[in-house]
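Observations on the three-dimensional arrangement
Here's the letter readout for the chains.
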Amino acid sequence: MKQISPLIGNSKLYKLKFPYGNLYTKLENQNFFGSIKDRPAFYIIAKAIEQGIINENTTVIESTSGNFGIALASICKALAVKFVAVIDPNISAEKEQVLRLKGAGILKVTDTDETGGYLLNRIKTVKRFIAVNDNVYQPNQYENPDNYMSYYHSLGNEIVNSFSSLDYAFISVSTGGTITGLSNKLKEHFKNIKIIAVDIEGSMIFSDKPAIRKISGMGASMRTVFYEQALIDDFVILSQAEIVKGCNDLLSEHNLFLGGSAGAAFAAAGKVLKKLNKTNLNAIFISPDAGNSYIDTIYNSDWVYNNILP
């Protein structure tokens, strides 16, 4: 763990050429295992080891849409601890292959739940596994407060130390860990900052209208307990087409090849900041991962035409 720790965090803060204020992003794909989820995965596993919960005979199991699972698989591989990822068909082929290369066992849920998604059935699968196996540990990114505390202590500190003033933060949501940890840290230091949550149509976090979501890593079929602690000022719900456009605009206009959550946060920032049209504003959006895993989906015109545009 000591070898991994220095390689997670301190991601680059990048300033975009943007007409409606000073817009920055944190490029979290620079973390050692490739995404923002390296932060909570390392923090949660380190805490569990400190508490004696994990030993060499433990099996770690978690429901994941990709990035958190990859981070856990990588850390467990370094510890020589068995890891099982519970995934669903929305995971990209690349992320599933990386999980397998990292030595993860795979349980793939294929039946949709009552919301039309897979999350609730993934969680049920984890619970069934725990019920029939001994010495199992679930990091539980949906309920474990170490999830959001990892962002409070790491990414939050990095942003606070990078700005003398900050007016807006745009954060795409799923489990709620990132926005909960960041909103609490940022509001401690920037009293007037507006925290804007960015969600996808069909997600059940800010809506009661479920729909099939084809873009992975964003939204959720349930609202986790973390949101009770989050300090959110407003939210923006985007269509899948708007998220695809946000990703392609980042690539074509700013040479940033990033994932769906980054494209969504950028699109939401554009909507809000354009209306304000104040060139002296400082704003940030979070870019959780790179675009590689979305090359066959968001960045594939045939896939977009067949899955998103209809």
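Residues numbered from 1 in each chain as written. Predicted model: local features only at pLDDT ≥ 70, side-chain atom pairs only at ≥ 80, totals over all residues. Heavy atoms only, no water.

The name given to the protein in an unreviewed UniProt entry is Tryptophan synthase beta chain-like PALP domain-containing protein, and the organism recorded there is Niastella koreensis. The heading Cofactor (unreviewed entry) in the UniProt record of the protein holds the text "pyridoxal 5'-phosphate". (UniProt positions renumbered as here; feature names shortened; annotations may be inferred.)

This part covers the environment of Glu 188. Tracing the backbone through its elements, the reader meets Glu 188 in helix α7 (residues 177-189). Residues Glu 188 and Val 160, 28 residues apart in the sequence, show an inter-C-alpha distance of 9.4 Å. (Helix = DSSP H or I, 4+ residues; strand = E, 2+ residues; numbered from the N terminus.)

Here the focus is the sheet that holds strand β5 (residues 105-108). The parallel open sheet is built from four strands, whose spatial order is β5-β4-β3-β6. Sheet topology places β5 and β6 (136-137) at the edges, where each strand pairs with a single neighbour. Inspection of the sheet shows strand β3 (residues 59-63) paired to β6 by two bridges, in the parallel sense. Within β6, the residue paired with Thr 59 across the bridge is Val 136. Contacts from helix α2 (residues 67-79) reach β3 and β4 (82-87) within the one sheet, and its direction differs from that of β4 by about 170 degrees. (Pairing = 2+ DSSP bridges. Contact = heavy atoms within 4.5 Å. Axes fitted to C-alpha atoms, helices over the stretch in contact; angles between N-to-C directions.)

Turning our attention to the packing of helix α8 (residues 240-254) against helix α9 (residues 260-276). The geometry of α8 relative to α9 is characterised by a closest axis approach of 7 Å and an angle of 90 degrees between their N-to-C directions. Regarding the angle of α8 to α9, the classification is roughly perpendicular. Each of Glu 242, Ile 243, Gly 246, Cys 247, Asp 249, Leu 250 and His 254 in α8 lies in contact with α9, whose residues at this interface are Gly 260, Ala 262, Gly 263, Ala 264, Phe 266, Ala 267 and Lys 271. Among the residues making up the contact of α8 with α9, the classes are represented as seven nonpolar, four polar and three charged. (Parallel < 35°, antiparallel > 145°, perpendicular 65-115°, else oblique. Nonpolar A, V, L, I, M, F, W, Y, C, P; charged D, E, K, R; others polar.)

Overall, the coordinates contain 10 salt bridges when judged by the stated rule. A salt bridge links Lys 108 to Glu 96; the shortest N-O distance between them is 2.9 Å. Residue Lys 108 is located in strand β5, and its partner Glu 96 is located in helix α3 (residues 93-101); the two are separated by 12 residues in the primary sequence. A salt bridge links Lys 245 to Asp 249, with the nearest nitrogen and oxygen atoms 2.7 Å apart. Placement of the pair is Lys 245 and Asp 249 together in helix α8, with a separation of four residues, close to one helical turn. Each of Lys 26, Glu 28, Arg 39 and Glu 158 takes part in a single network of salt bridges with overlapping partners. (Salt bridge = Lys/Arg side-chain N within 4 Å of Asp/Glu carboxyl O.)

Attention shifts here to the pairing of strand β7 (residues 168-172). Of all five residues that make up β7, five are buried, and the element is covered over most of its length. Side-chain alternation along β7 places Tyr 168, Phe 170 and Ser 172 on one buried face and Ala 169 and Ile 171 on a second face that is also buried. Running through α7, the crossover from β7 to the neighbouring parallel element strand β8 (residues 194-200) is right-handed. Bridge count between β7 and strand β10 (residues 282-287): three bridges; the pairing is parallel. Counterpart to Tyr 168 in the pairing with β10 is Ala 283. (Buried < 20%, exposed > 50% of the residue type's maximum accessible area, 1.4 Å probe, protein only. Right-handed = clockwise from strand over helix to strand, strands pointing away.)

Time to look at the sheet that holds β7. Strand order in the open sheet formed by six strands is β1-β2-β10-β7-β8-β9, and the pairing between neighbours is mixed. Each end of this open sheet is capped by a strand with a single partner; those strands are β1 (13-15) and β9 (234-238). This sheet shows a mean twist of 25 degrees between the axes of neighbouring strands, independent of strand direction. In the packing of α7 onto the sheet, contacts are made with β7, β8 and β10, and the angle to β8 comes to roughly 170 degrees. Contacts from α8 reach β1, β8, β9 and β10 within the one sheet, and its direction differs from that of β9 by about 95 degrees.

Here we come to the UniProt feature "domain: Tryptophan synthase beta chain-like PALP" (unreviewed entry) in the protein. Taking the numbering used here, the UniProt-annotated feature "domain: Tryptophan synthase beta chain-like PALP" (unreviewed entry) corresponds to residues 4-276. Between the end C-alpha atoms of residues 4-276 there is a gap of 42 Å, over a span that is 40% helix and 16% strand.

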